[in-house]
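Structural description and commentary
Chain by chain, the residues run as shown.
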Amino acid sequence: MLKHLLGASALTLAVVATQVQADKDKIVFAIGGSPQSLQGQTAQEFTRRLQERLGDDVQIDYYDSGQLGDERQLIQRLRMGTVDLAAISSIMSSVSPDFALFDLPYLVKDRDHLKRIDDEIVMTELAESAEQRGLKIVSTWENGFRHITNSRRAITTPDDLDGLRIRTPQSDWRTRMFSTWGANPTPMAFSEVFVGLQTGVIDGQENPLSNIYGARLHEVQKYLSLSNHVYTPIWLTAGQGGWNQFSDEVREAISEAAAETQAWAFARGAELDEELLETMREAGVEINDIDRDAFIDASTPVYEVFAEQVDGGQALVDRAMALSDD
């Protein structure tokens, strides 16, 4: 019976995939983030710009808030062809280890630094690595600089994380980072975080301000520590097979709209960093700065493991750091 059901399920998915591939007057675009997050705002801006280019010939069906699955599931759907475009962030390191570069703490200094890394590293060899694994990187957008929130105490040094259950994305490198700092990292889908915090299953989490506010996490957290520990890009991604099925005109429209949206996302991210900090302070969240040097010193083991486990990892780190204007 189980084998019959699995077989039927596989057949259904195959039929759906075939229908989507055959029906290129529609583009299915999905993200995991909320509409209020920077990811959501950026996706909506891209959808607007792309729809203007495509006119009535191609309809964009846009889904947010994980309606079509979390990022791990969206990657599968991209490869199957049941989703045409998706925004993928930290989980990309599970596709290609090189993408874990962006899970290294305090690597990216600012948005200008990220843009140089994007031009020189991401859209060259990292994009090629993803393509070999069935995915097309169309553009690099922004999730933002990540900060730590929790319900127990202000975090100033890594020692303050001792024993705290901190939700992380489903990324081995992010869990390694927080484990190295002394926390108890708890990977889970973003859609589960609010309830996890509300019920005490987890003590805290780490995210950009727009994700924290967009998902109302500040309503169930007392402390916000401005750690800026990771700058998380998000990649507009297509399945390589689906991308090849688009006409030249559609591919060009997607690429142009995505490039314009990148500049919009970086500018909007900078605005939100200022706006939302004040909004959350007014909401009663206690906000503090961290001892940046203490966190950088405590992060050395993460870099050592990256250099050991990722082929060419140390050279990749050196190249990325050399692109900083410091």
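One structure accompanies this document, and this report is about it. Please read all numbers here as calculations on a predicted model, not as lab measurements.

1. Here we look at unusual backbone geometry
- You will see that Arg 216, though not glycine, has its phi angle at about 60°, which is positive.
- With respect to the element layout, Arg 216 can be found in the loop between α7 (209–214) and β8 (223–226).
- For Arg 216, a relative accessible area of 42% puts it in the partly exposed group.
- A positive phi angle is found at Asn 228, which is not glycine, with a value near 50°.

2. A look at the environment of Gln 44
- Topologically, Gln 44 is positioned in helix α2 (residues 38–54).
- For Gln 44, a relative accessible area of 36% translates into the label partly exposed.
- Separated by 213 residues in the primary sequence, Gln 44 and Ala 257 have C-alpha atoms spaced 12 Å apart.
- Setting aside anything within four residues of it in sequence, one finds Gln 44 in contact with Pro 35 and Tyr 62.

3. Points about the pattern of salt bridges
- Under the criterion given, the structure shown has 21 salt bridges.
- As a salt-bridge pair, Arg 251 and Asp 248 come within 2.4 Å of each other at their nearest N and O atoms. With a gap of three residues between them, Arg 251 and Asp 248 both fall in helix α9 (residues 248–282), about one helical turn apart.
- A salt bridge links Arg 268 to Glu 271; its shortest N-O distance comes to 2.9 Å. On the criterion of helical spacing, the pair formed by Arg 268 and Glu 271 is a turn pair, its members being three residues apart in helix α9.
- Judged by its relative accessible area of 19%, Arg 268 is buried.
- If you follow the salt bridges from partner to partner, you end up with Glu 45, Arg 48, Arg 49, Glu 52, Arg 53, Glu 256 and Glu 260 in one network.

4. Structural notes on the packing of helix α4 (residues 111–132) against helix α12 (residues 313–322)
- Between α4 and α12, the shortest axis-to-axis distance is 9 Å and the interhelical angle comes to 145°. Residue-level inspection shows His 113, Ile 117, Glu 120, Ile 121, Glu 125 and Leu 126 of α4 in contact with α12, the latter providing Leu 316, Arg 319, Ala 320 and Met 321.
- Of the residues assigned to the contact of α4 with α12, the class counts are six nonpolar, one polar and three charged.

5. Comments concerning the packing of α2 against α9
- Orientation of α2 relative to α9, taken along the N-to-C sense of each, is 145°, at an axis distance of 8 Å. Handedness of the crossing formed by α2 with α9: right-handed.
- Residue composition of the contact of α2 with α9, grouped by class: twelve nonpolar, four polar and six charged.

Rules used throughout
- Residue positions are given per chain, counting from 1 as you read along its sequence in written order.
- Selection of residues for local features in this predicted model requires a pLDDT of at least 70, selection of side-chain atom pairs for listing and counting requires 80 or more, and totals for whole chains, interfaces and linings are taken over all residues.
- Values shown for side chains rest on all heavy atoms present in the structure; no hydrogens or waters enter the calculation.
- Per the convention used, a helix needs a DSSP run of H or I reaching at least four residues, while a strand needs a run of E reaching at least two, with both numbered from the N terminus.
- Accessible area is worked out with a 1.4 Å probe on protein chains only. A residue is then buried under 20% of its type maximum, exposed over 50%, and partly exposed in between.
- Whether two residues are in contact is decided by their heavy atoms: any pair within 4.5 Å suffices.
- Salt bridges are defined as contacts in which a side-chain nitrogen from Lys or Arg sits within 4 Å of a carboxyl oxygen from Asp or Glu.
- Think of each axis as a best-fit line through the C-alpha atoms, taken over the contacting stretch in the case of a helix, with angles from 0 to 180 degrees between the N-to-C directions.
- Nonpolar residues are Ala, Val, Leu, Ile, Met, Phe, Trp, Tyr, Cys and Pro. Charged residues are Asp, Glu, Lys and Arg, and all others, Gly as well, are polar.
- Working rule for handedness: look at the near helix, and if it is turned counterclockwise from the far one by less than a right angle, call the crossing left-handed; if clockwise, right-handed.

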